[in-house]
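The residues making up each chain are set out below.
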Amino acid sequence: MNTATVQPDNETLIARGWAALPASYRIPEVAPTLDEARAYCKRLAESHYENFHVASWFLPEALRPHFHAIYAYCRISDDLGDEVDDRAAALALLDLWEQELDACYEGRARHAVFVALGETIRARSIPKELFSDLLTAFRQDQTVTRFESMQDVLAYCHYSANPVGRLVLYACGEADDEKFKLSDATCSALQLANFWQDVRVDYGKGRVYIPQDDMRRFGVTDETIAAGIATPEFRTLLRYEVDYARSLFQHGLPLIGMVNRDLALDLDLFSRGGLEILRAIERQDYDVLSARPAISKLTKLGLALRAVTGKLLPFLSLGKSRRSQGKIA
């Protein structure tokens, strides 16, 4: 008797994956109109992520549909990989999503996200590689759970975080190589800040983003994280990683003073938010294992007000004030 396991076919995997996600994520038979597609992206962006909703207040109205479409693409792409427990099903969905991306660039989009995104791509001449890179990162999430060095982590950020900043620059008509490099530093810093904030959460998903060579250098193991006790060695390690993330923010801050004031406000807000995550970690004496560092709503409001002040009084913006002082508060 043949007892070999029968592998599910691709259609079965896709159906299994969709079953784990909101029904609205599925690809319809008939494409929506552009207005319907943009309304879908707006609802998804403003209901799913509070910080994005706050940031969108400061965008010119003409830019908001582009930001909504880009955000909706990123959100669903991430969920396809992160909210489907079945690895094979997640990979099948990501492949299907990339086929829809190809169709979008060929003018055959059916999903609301790609109908809206197609208009943004045409209006802003956005290369497909940036969208595809994000899918590379989400596929990597299914197979890579440890990173040997910081260079390996930053290589992951090249796919997982940096394309988002470049997409924003394209959407705002600010795309050039110098700005891309500064944006990459900021986006990688934001990614690292989130990694250090979520060490325990990510470990629960089987992932450790702290470089393995740093862990060995400071005498920290997976067992330390699993125990949920921030030993002196762990605190010293995380201080080192927080300092490195802050240095990346420092490198990227000049971008705020190089773009138009509307985009500068959003960059200022997100940079302040990332730096505040690092400060929240410091306030807990680098213990992210017993409690996840969080930013209060009052603090978020304060960050937004400070960013708005930077727009009204440009010399007070984060990028300019910190550059002139040569440091980050």
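1. Some words on the overall build of the protein chain
Counting its regular elements, the protein chain contains 17 helices and zero strands. Within the protein chain, the fraction of its 329 residues that count as buried is 51%. Considering only residue pairs separated by 6 or more positions, the protein chain has 73% of its internal contacts joining residues 24 or more positions apart. Summed over all atoms, the accessible surface of the protein chain reaches about 15,300 Å², with 53% contributed by carbon and sulfur.

2. Describing unusual backbone geometry
The phi torsion of most residues other than glycine is negative, and most of the peptide bonds are trans. Its identity is not glycine, yet Asp-285 carries a phi of approximately 55°, on the positive side. Residue position: Asp-285 is located in the loop between helix H15 (261-283) and helix H16 (297-312). Residue Asp-285 is classed as partly exposed on the basis of its relative accessible area, which comes to 40%. Positive phi is not limited to glycine here, since Tyr-286 has a value of about 65°. In this structure, Tyr-286 sits in the loop between H15 and H16. Overall, Tyr-286 belongs to the buried group, its relative accessible area being 6%.

3. Quick look at the side chain of Gln-197
Structurally, the position occupied by Gln-197 is in helix H10 (residues 177-197). Setting aside residues up to four positions removed in sequence, Gln-197 forms contacts with Ile-277, Ile-281, Val-288, Arg-292, Pro-293 and Ala-294.

4. Some details on the packing of aromatic side chains
Summed over the entire model, instances satisfying the criterion amount to twelve aromatic pairs. Seen from their ring centres, Phe-147 and Tyr-209 are 5.6 Å apart, and the 25° between their planes marks the pair as stacked. Here the residue Phe-147 occupies a position in the loop between helix H7 (128-143) and helix H8 (150-160), and Tyr-209 occupies one in the loop between helix H11 (199-204) and helix H12 (212-218), the gap between them amounting to 62 residues. We note that Phe-147, like Tyr-209, is buried. The interplanar angle of 55° and the centroid separation of 6.4 Å between the aromatic rings of Phe-195 and Trp-196 together place this pair among those described as tilted. Given a relative accessible area of 6%, Phe-195 falls into the buried group. What links up through ring pairs into an aromatic cluster is the set Phe-147, Tyr-156, Phe-195, Trp-196 and Tyr-209.

5. Notes on H10
Taking 1.5 Å as the rise per residue, H10 with 21 residues should run 30 Å; its terminal C-alpha atoms sit 30 Å apart, in good agreement. Burial analysis of H10 places 16 of its 21 residues in the buried class, which makes it a mostly covered element. For H10, the N-terminal cap is Asp-176; the gap from its side-chain oxygen to the backbone nitrogen of Glu-178 is 3.1 Å.

6. Let's talk about the packing of H8 against H10
In the contact formed by H8 and H10, the axes pass within 10 Å of each other and the chain directions differ by 115°. It follows that H8 is roughly perpendicular to H10 by the angle criterion. The two elements H8 and H10 meet at a crossing, and its hand is right-handed. Two secondary-structure elements touch here, H8 through Met-150, Val-153, Leu-154, Tyr-156, Cys-157 and Ser-160 and H10 through Ser-188, Gln-191, Leu-192, Phe-195 and Trp-196. The residue makeup of the contact of H8 with H10, split by class, is eight nonpolar, three polar and no charged.

7. Focus on H8
Three or four residues apart is the spacing at which side chains of an α-helix point the same way, because the helix has 3.6 residues per turn. Three or more residues of H8 are buried, namely Met-150, Val-153, Leu-154, Tyr-156, Cys-157 and Ser-160. Considered in projection along H8, the buried side chains sweep an arc of 155° and stay on one side of the axis. In this fold, the buried residues of H8 make contact with H7, helix H9 (162-171), H10, H12 and helix H14 (232-252).

8. Some remarks on the confidence of the model for the protein chain
The share of residues in the protein chain with pLDDT of 70 or more is 84%, and the mean pLDDT across the chain is 88. The low-confidence segment residues 50-54, where pLDDT is below 50, has eleven contacts with residues more than four positions distant or belonging to other chains. Note that pLDDT drops below 50 for residues 321-329; the model gives that stretch 20 contacts with residues more than four away or on any other chain.

9. A look at the nonpolar core
Most often, soluble globular proteins have nonpolar side chains that are buried together. If you look at the biggest cluster of nonpolar residues, it comprises 59 residues, and the most contacted ones within it are Trp-18 and Tyr-73. It is helix H5 (residues 87-105) that provides the largest number of residues to this core, a total of nine residues. Non-local contacts of Tyr-73, meaning those with residues more than four positions away in its chain, are made with Trp-97, Leu-101, Val-113, Phe-114, Leu-117, Phe-131, Ser-132, Leu-134 and Leu-135. Of all hydrophobic cores here, the second largest spans 36 residues; its members include Trp-196, Val-199, Val-220 and Leu-237.

10. Side note on the state of the cysteines
Scanning the entire structure with this criterion turns up zero disulfides. Cys-187 provides the cysteine sulfur closest to Cys-157, a residue in no disulfide bond, and the two sulfurs are 9.5 Å apart. The exposure class of Cys-157 is buried, given its relative accessible area of 0%.

11. So, the environment of Ser-160
Within the secondary structure, Ser-160 sits in helix H8. By relative accessible area, Ser-160 is classed as buried at 10%. Between the alpha carbons of Ser-160 and Cys-74 there is a distance of 9.8 Å; along the sequence they are 86 residues apart.

Parameters and conventions
Residues numbered from 1 in each chain as written. Predicted model: local features only at pLDDT ≥ 70, side-chain atom pairs only at ≥ 80, totals over all residues. Heavy atoms only, no water. Helix = DSSP H or I, 4+ residues; strand = E, 2+ residues; numbered from the N terminus. Buried < 20%, exposed > 50% of the residue type's maximum accessible area, 1.4 Å probe, protein only. Contact = heavy atoms within 4.5 Å. Areas by Shrake-Rupley, 256 points an atom, 1.4 Å probe, with all protein chains shown as cover. Phe/Tyr/Trp six-rings, centres within 6.5 Å; stacked < 30°, edge-to-face > 60°. Expected span 1.5 Å × (residues − 1). Polar contact = N/O pair within 3.5 Å; in protein donor to acceptor, adjacent residues only side chain to side chain. Axes fitted to C-alpha atoms, helices over the stretch in contact; angles between N-to-C directions. Parallel < 35°, antiparallel > 145°, perpendicular 65-115°, else oblique. Left-handed = near helix turned anticlockwise from the far one by under 90°. Nonpolar A, V, L, I, M, F, W, Y, C, P; charged D, E, K, R; others polar. Arc of directions from axis to C-beta. pLDDT = per-residue confidence, 0-100. Core = buried A, V, L, I, M, F, W, Y, C linked by side-chain atoms within 4.5 Å. Disulfide = S-S within 2.5 Å.

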